[in-house]
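Analysis of the macromolecular model
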There are 2 protein chains.
Amino acid sequence: MELLKQRILQDGHATEDDVLKVDSFLNHQMDIALLNEIGKEFRRRFEGEPVTKILTIEASGIGIAAIAAQHFGNVPVVFAKKTKSRNLDGALYTAQVKSFTKGIDYEIQVSQKFIGPDDCVLVLDDFLAKGQALKGLLKIVRESGAKLAGCGIVIEKGFQDGGKLLRESGVRVESLAIVSSISGGKVTFAE
Amino acid sequence: MELLKQRILQDGHATEDDVLKVDSFLNHQMDIALLNEIGKEFRRRFEGEPVTKILTIEASGIGIAAIAAQHFGNVPVVFAKKTKSRNLDGALYTAQVKSFTKGIDYEIQVSQKFIGPDDCVLVLDDFLAKGQALKGLLKIVRESGAKLAGCGIVIEKGFQDGGKLLRESGVRVESLAIVSSISGGKVTFAE
């Protein structure tokens with residue numbers, strides 16, 4: 001997605017070999033007009049999929065998923081929670097996730113009320129690197145019995161193996177920008 | 001906001017004296033059409049305020065704020081973070097917040113890059129009870145030098161004192177549904 005790649009080049013900051021900061025438009029401050037273009041592009045890529053739910057994970061996925069849902073006929077968005085809360089009860093789907101960004105392991109949780117065998121689920125997230133969060137979300141979709149439409153990712157770090165492994169396992173992964181390297185502060189995209 | 005109150009009565013669950021679960025449409029699964037009506041109502045209430053940024057807090061505020069921003073001319077949304085992340089660096093505004101729902105204290109953080117003296121900030125969140133998160137966000141707005149347009153809240157627990165204290169301190173707080181009691185599993189709204 002050309003608009004997104006241009007924005008990453010213009011406003012993204014690659015400060016280490018494996019960190020790409022996009023906090024000015026994607027995961028701390030959010031550019032809502034850009035999110036709508038991202039939502040339209042996800043719709044174009046998953047055209048024909050009878051998506052009934054969008055599943056994402058707090059926190060950065062939520063804005064992306066909420067805006068994207070408008071381009072999928074306002075399907076409900078469910079966001080997996082990373083911490084236990086008094087607001088979640090009843091039967092839960094859970095999965096263990098390792099965060100390399102935050103250096104911790106955590107359990108993600110989704111109420112069983114909101115995803116089931118009648119659903120066709122599109123999983124959306126901001127980043128795909130080693131694919132830990134995505135694997136957790138996919139485990140939850142599998143356990144729910146729902147059909148998986150696929151995964152839509154805003155930025156994939158193509159130099160890490162998460163996307164490769166997921167695609168090899170048969171999961172459809174659509175990444176709007178695939179970064180092939182961010183060495184020396186310079187961002188290069190895969191073709 | 002009548003539509004919201006009806007939805008709370010229909011799909012909300014009051015399981016203890018102070019907990020109102022709205023996870024089926026607001027803070028775990030999100031009804032995007034409802035969020036758009038909520039965004040329109042915030043726009044109506046803050047008509048005339050020259051809002052340049054919407055500030056919220058992860059996680060449940062993000063979807064509400066992202067959708068609402070579309071009704072404020074697509075102003076950028078900034079969400080305060082509750083945990084340290086490698087994706088946040090540089091100078092930060094911080095505030096200490098006590099969470100009664102999760103039983104913990106935490107520090108919220110906003111990059112100083114994204115709010116400043118030229119901004120007019122609308123603060124949005126899903127719930128207002130004792131007002132701890134909101135107070136933290138307001139401290140950050142104050143420190144940034146930005147003008148505060150006010151606070152837009154989806155559900156205020158009117159039987160707790162957060163809203164009262166904030167209004168008495170001169171802050172404009174617009175709550176779309178004010179719950180006056182949830183005793184015995186029955187939700188009652190303030191007039």
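Above: the structure in question.
Residues numbered from 1 in each chain as written. Chains lettered and ligands numbered in written order. Predicted model: local features only at pLDDT ≥ 70, side-chain atom pairs only at ≥ 80, totals over all residues. Heavy atoms only, no water.

Quick notes on the sheet that holds strand E11 (residues 188-189) of chain A
Which entries qualify depends on this criterion: Should DSSP find at least two bridges between two strands, the strands are taken to pair. Each helix is a run of H or I in the DSSP string that is no shorter than four residues. Each strand is a run of E no shorter than two, and both are numbered from the N terminus. Should any heavy atoms of two residues lie within 4.5 Å, those residues are counted as being in contact. Here an angle of 0 to 180 degrees is reported between the N-to-C directions of two axes, which are lines fitted to C-alpha atoms, with helices fitted over the stretch in contact.
In space, the seven strands of this open sheet follow the order E11(A)-E10(A)-E9(A)-E8(A)-E4(A)-E5(A)-E3(B), with mixed pairing throughout. Bordering the open sheet on either side are E11 of chain A together with strand E3 (29-30) of chain B, each of which pairs with just one other strand. For strand E4 (residues 53-57) of chain A and strand E5 (residues 77-80) of chain A, the ladder comprises four bridges, and the chain directions are parallel. When the bridges of E5 of chain A are listed, Leu55 of chain A appears paired with Val78 of chain A. Strands strand E9 (147-157), strand E10 (173-181) and E11 of chain A of the sheet are contacted by helix H1 (residues 2-11) of chain A, whose axis makes an angle of about 35° with E10 of chain A.

What about the environment of Val187 of chain B?
All names here are of chain B. To keep things clear, this is the line we draw: Partly exposed describes any residue whose relative accessible area lies between the buried limit of under 20% and the exposed limit of over 50%, with all areas from a 1.4 Å probe on protein chains only and scaled to the type maximum.
With respect to the helices and strands, the residue Val187 is situated in the loop between strand E10 (173-181) and strand E11 (188-189). Judged by relative accessible area, Val187 falls into the buried class, the value being 11%. When the C-alpha positions of Val187 and Phe100 are compared, they lie 20 Å apart, and in sequence the two are 87 residues distant. Excluding anything up to four places from it in sequence, Val187 contacts Ile8, Leu9, Ala14, Leu20, Val179, Ser181 and Ile182.

Looking at unusual backbone geometry
Note on backbone geometry: most residues besides glycine have negative phi, and most peptide bonds are trans. All names here are of chain A. The amide bond that connects Glu58 to the next residue, Ala59, takes the cis arrangement and shows omega of 0°. Position of Ala59 relative to the elements: it lies in the loop between E4 and helix H3 (60-69). Of note in the backbone geometry, Asn74 takes a positive phi value of approximately 60° without being a glycine. Along the chain, Asn74 turns up in the loop between H3 and E5. A relative accessible area of 31% means that Asn74 is categorised as partly exposed.

Remarks on the pairing of E4 of chain A
Residues and elements named next belong to chain A. The condition that has to hold: Orient the strands so they point away from the viewer, and a crossover whose first-strand-to-second-strand path over the helix runs clockwise is right-handed.
Among the five residues of E4, five are classified as buried, and the element is accordingly described as predominantly covered. Residues Lys53, Leu55 and Ile57 of E4 are buried on one face, and the alternating residues Ile54 and Thr56, pointing to the opposite face, are buried as well. Direction of pairing for E4 relative to strand E8 (residues 120-128): parallel, over a ladder of three bridges. In the sheet register, Leu55 faces E8, and the bridge partner there is Val123. Read from E4 through H3 to E5, the crossover connection turns out right-handed.

Remarks on the relation of the copies chain A and chain B
What counts, and what does not: A least-squares fit on C-alpha atoms brings the copies together, and the residues used are those whose pLDDT is at least 70 in both copies.
For the pair chain A and chain B, the relating rotation is 180°, the translation along its axis is 0.0 Å, and the fit reaches an RMSD of 0.0 Å. Classification of the inter-copy transformation places it as that of a two-fold axis. Both copies contact each other with a shared surface, as 100% of the interface residues of chain A are interface residues in chain B too.

Quick look at the pairing of strand E9 (residues 147-157) of chain B
Residue and element names in this part refer to chain B. For E9, the buried fraction is high: nine of the 11 residues fall into the buried class. For strand E8 (residues 120-128) and E9, the ladder comprises eight bridges, and the chain directions are parallel. Considered in E9, the bridge of Cys120 is made with Lys147. The parallel pair E8 and E9, bridged by helix H4 (residues 132-144), forms a crossover whose chirality is right-handed. Two strands pair when backbone bridges link them, and E9 and E10 are joined in this way by six bridges, in the parallel orientation. What sits directly across from Lys157, in E10, is Val179. Following the backbone out of E9, through helix H5 (residues 162-168) and into the adjacent parallel E10, one traces a crossover that is right-handed.

As for the interface of chain A and chain B
To keep things clear, this is the line we draw: In the sections that follow, a salt bridge refers to a side-chain nitrogen of Lys or Arg positioned within 4 Å of a carboxyl oxygen of Asp or Glu. The classification used treats Ala, Val, Leu, Ile, Met, Phe, Trp, Tyr, Cys and Pro as nonpolar, Asp, Glu, Lys and Arg as charged, and all other residues, Gly among them, as polar.
Each partner contributes to the interface: chain A provides 46 residues, whereas chain B provides 46 residues. A salt bridge links Asp23 of chain A to Lys113 of chain B, with the nearest nitrogen and oxygen atoms 3.2 Å apart. Among the secondary structure elements, those contributing two or more residues to the side of chain A that touches chain B are strand E2 (20-21), strand E3 (29-30), helix H2 (32-45), H3, E5 and strand E7 (104-111) of chain A. In terms of residue count, the dominant contributor to the side of chain A that touches chain B is H3 of chain A (six residues). Class assignment for the residues of the side of chain A that touches chain B results in 19 nonpolar, 15 polar and 12 charged. Sheet topology places E5 of chain A next to E3 of chain B; two bridges connect them, and they run antiparallel. The partner of Val78 of chain A across the bridge, within E3 of chain B, is Gln29 of chain B.

Observations regarding the pattern of salt bridges
For the coordinates displayed, the defined rule picks out 28 salt bridges over all chains. The salt bridge partner of Asp105 of chain A is Lys98 of chain A, with a shortest N-O separation of 3.6 Å. Notably, a salt bridge pairs Lys147 of chain B with Glu49 of chain B, separated by 3.2 Å at the nearest N-O pair. Remark: Glu49 of chain B occurs in the loop between helix H2 (32-45) and strand E4 (53-57) and Lys147 of chain B occurs in strand E9; sequence separation between them is 98 residues. Judged by its relative accessible area of 43%, Lys147 of chain B is partly exposed. One network of salt bridges, in which partners are shared, links Glu41, Arg44, Arg45, Glu49, Lys147, Arg172 and Glu174 of chain A.

Keep in mind these values describe shape, not function.
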